[in-house]
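Listed below are the residues making up each chain.
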Amino acid sequence: MAKEAPVSLPKVKYGLRRLFKGSHERSGILTYVLIYALLIGVGFVYIYPLIYMITTSFMTPSDLVDPTVGWLPTEWYIGNFVQAFNVLEYPKSLLTSILTSAAPAIAQTLSTAVIAYGLARFEFPLKKMWFVLLVAAFIIPVQVTLIPNYVWFKTHFLTGSVLSTLLPALFGQGIKSSLFVLIFYQFYRSYPKALDEAAAIDGAGRVKTFIRIAIPMAASAILVTFLFSFIWYWNETTKSGMFFEGKIQTLPLQLQNFVDSYTKMYPANDFSTTNRINESIRLAGTLLTVAPLLILYVALQRKFIEGIERTGLTGE
């Protein structure tokens, strides 16, 4: 029988190098190790605060001062959530937050979709100037226009109600509306005008073409715009605190005044630490505030990520 030729040393080295460094067809082990190490590192940076908040919110006061207690509490104590639930007036504040966030988000989604369609499909004088103003409105800090807006709303008796956030959103002046207009503009420019022309030949007007052609084409942009708008209106405390004038209390606004509200509801006894506020109670209140957003994201995760990929929106 003929003996098999021994594998030469250069071939072994080439095989190992290909295994670790990869080739044109596939990546090597080194590439996968670096990618997963980077993903784990970045993921830990984002997940660590959430894990810390969850574990700490279940700790008892004795666990907080015990140096031997690390990540896991000795017992899962829900008393912190009960107190935070009462302080935040959770059912009422939750309903208020949903209404004051969803209504402007819907209005902003509709208005920016219409504005972008007009910019993408119509030619009119000074169109470039309107684009410049659109970008300028996105660049100018909110703090610059905060006082003039408040004076205007106060003059027209619009403060202290949801109209102070709903009306600007309805007319394309909501939170970061310029960004949403550009997202819709990109979508309307991505599909051929032949579809609009075919609809016009069939007798469809501009409004019907917009509803039947443009809106379905921009479904992912609508989802992304609504979710981002909803989240930004939910987390907004500066403008809401000024425009609502304390007459409307959302969950983030309640959380902002959490310490004062807790002190009034649970006055501390000088001889006892039972009712004194601690880090666990504060984090329990924070977790209750962000929980609806986490549930919303988990429920719409797949569609949300698909929408982000199609819009090309990153870093937000």
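The structure contained in this document is the topic of the report that follows.

## Describing the overall build of the protein chain
Stage number 1. Of regular secondary structure, the protein chain possesses 17 helices and 0 strands.
Stage number 2. Across the 316 residues that make up the protein chain, the buried fraction comes to 35%.
Stage number 3. Put simply, 74% of the contacts in the protein chain that link residues at least 6 apart link residues at least 24 apart.
Stage number 4. For the protein chain, the accessible surface area stands at approximately 20,100 Å², while carbon and sulfur atoms represent 67% of it.

## Comments concerning a nonpolar patch on the surface
Stage number 1. Taken together, L38, V42, F44, V45, Y46, I47, Y48, I51, Y52, W71, L72 and W76 make up a surface patch of nonpolar side chains, about 1,300 Å² in accessible area.
Stage number 2. Positionally, W76 belongs in the loop between α3 (61–65) and α4 (79–87).

## Side note on the side chain of T55
Stage number 1. Structurally, T55 can be placed in helix α2 (residues 29–57).
Stage number 2. A relative accessible area of 9% means that T55 is categorised as buried.
Stage number 3. In this structure the side chain of T55 is engaged in a polar contact, spanning 3.2 Å, whose partner is the backbone oxygen of Y52.
Stage number 4. If sequence neighbours within four positions are ignored, T55 has contacts with W71 and P73.

## Some points on the nonpolar core
Stage number 1. Grouped together as the largest cluster of nonpolar side chains are 26 residues, with contacts concentrated most on F184 and Y188.
Stage number 2. Of all the secondary structure elements, the ones that give two or more residues to this core are α5 (90–121), α9 (177–190), α11 (206–217) and α12 (219–235).
Stage number 3. The biggest single contributor to this core is α9, with 8 residues.
Stage number 4. Listed in part, the 21 residues of the second largest apolar core include F81, V87, I281 and A284.

## A short note on the side chain of T159
Stage number 1. As for its position among the elements, T159 is in the loop between α7 (142–155) and α8 (163–170).
Stage number 2. Only 3.4 Å separates the side chain of T159 from the side chain of E245, close enough to count as a polar contact.
Stage number 3. Not counting chain neighbours up to four residues away, the residues in contact with T159 comprise Y150, F153, K154, F243 and E245.

## A few points about the packing of helix α15 (residues 258–265) against helix α16 (residues 279–299)
Stage number 1. One way to put it is that α15 packs onto α16 with a least axis distance of 11 Å and a crossing angle of 115°. With respect to the hand of their crossing, α15 and α16 are arranged in right-handed fashion. Taken together, the residues of α16 that come into contact with α15 (itself represented by F258, V259 and Y262) are I281, R282 and G285.
Stage number 2. Classifying every residue of the contact of α15 with α16 by side-chain character gives 4 nonpolar, 1 polar and 1 charged.

## Things to note about α2
In an α-helix there are 3.6 residues to a turn, and that puts residues three or four apart on one side.
Stage number 1. Helix length check: α2, at 29 residues, gives a terminal C-alpha distance of 40 Å against a target of 42 Å (1.5 Å per residue), a fit within 8%.
Stage number 2. The axis of α2 is deflected most strongly, by about 40°, at I47, and proline P49 appears within four residues downstream.
Stage number 3. The elements touched by buried residues of α2 are α3, α4 and α16.

## Some thoughts on the environment of I213
Stage number 1. In this structure, I213 sits in helix α11.
Stage number 2. Sequence separation of I213 and L195 is 18 residues, and the distance between their C-alpha atoms is 7.4 Å.
Stage number 3. Those residues in contact with I213 that sit more than four places away from it in its chain are Y191, L195, D196, A199 and K208.

## Points about unusual backbone geometry
Stage number 1. Phi is positive for F157, close to 60°, though the residue is something other than glycine.
Stage number 2. Locating F157 in the fold gives a position in the loop between α7 and α8.
Stage number 3. One non-glycine residue, E245, lies in positive phi territory at about 55°.
Stage number 4. Residue position: E245 is located in the loop between α13 (238–244) and α14 (251–256).
Stage number 5. Accessibility expressed as a relative area gives 26% for E245, which makes it partly exposed.

## Notes on the packing of α2 against α16
Stage number 1. Put simply, α2 and α16 touch, their axes get as near as 8 Å, and they point 125° apart. Of the possible angle classes, the one that applies to α2 and α16 is oblique. α16 is crossed by α2, and the crossing has left-handed handedness. Contacts between α2 and α16 pair L50, Y52, M53, I54, T56 and S57 from the former with E279, S280, L283, A284, T286, L287, V290 and L294 from the latter.
Stage number 2. Within the contact of α2 with α16, the residues separate by chemical class into 9 nonpolar, 4 polar and 1 charged.

Basis of the calculations
Residues numbered from 1 in each chain as written. Predicted model: local features only at pLDDT ≥ 70, side-chain atom pairs only at ≥ 80, totals over all residues. Heavy atoms only, no water. Helix = DSSP H or I, 4+ residues; strand = E, 2+ residues; numbered from the N terminus. Buried < 20%, exposed > 50% of the residue type's maximum accessible area, 1.4 Å probe, protein only. Contact = heavy atoms within 4.5 Å. Areas by Shrake-Rupley, 256 points an atom, 1.4 Å probe, with all protein chains shown as cover. Patch = residues over 30% accessible without salt bridge, like charges linked within 9 Å, V, L, I, M, F, W, Y side chains within 5 Å. Salt bridge = Lys/Arg side-chain N within 4 Å of Asp/Glu carboxyl O. Polar contact = N/O pair within 3.5 Å; in protein donor to acceptor, adjacent residues only side chain to side chain. Core = buried A, V, L, I, M, F, W, Y, C linked by side-chain atoms within 4.5 Å. Axes fitted to C-alpha atoms, helices over the stretch in contact; angles between N-to-C directions. Left-handed = near helix turned anticlockwise from the far one by under 90°. Nonpolar A, V, L, I, M, F, W, Y, C, P; charged D, E, K, R; others polar. Expected span 1.5 Å × (residues − 1). Bend = angle between axes of the 7 residues up to and from the residue. Parallel < 35°, antiparallel > 145°, perpendicular 65-115°, else oblique.

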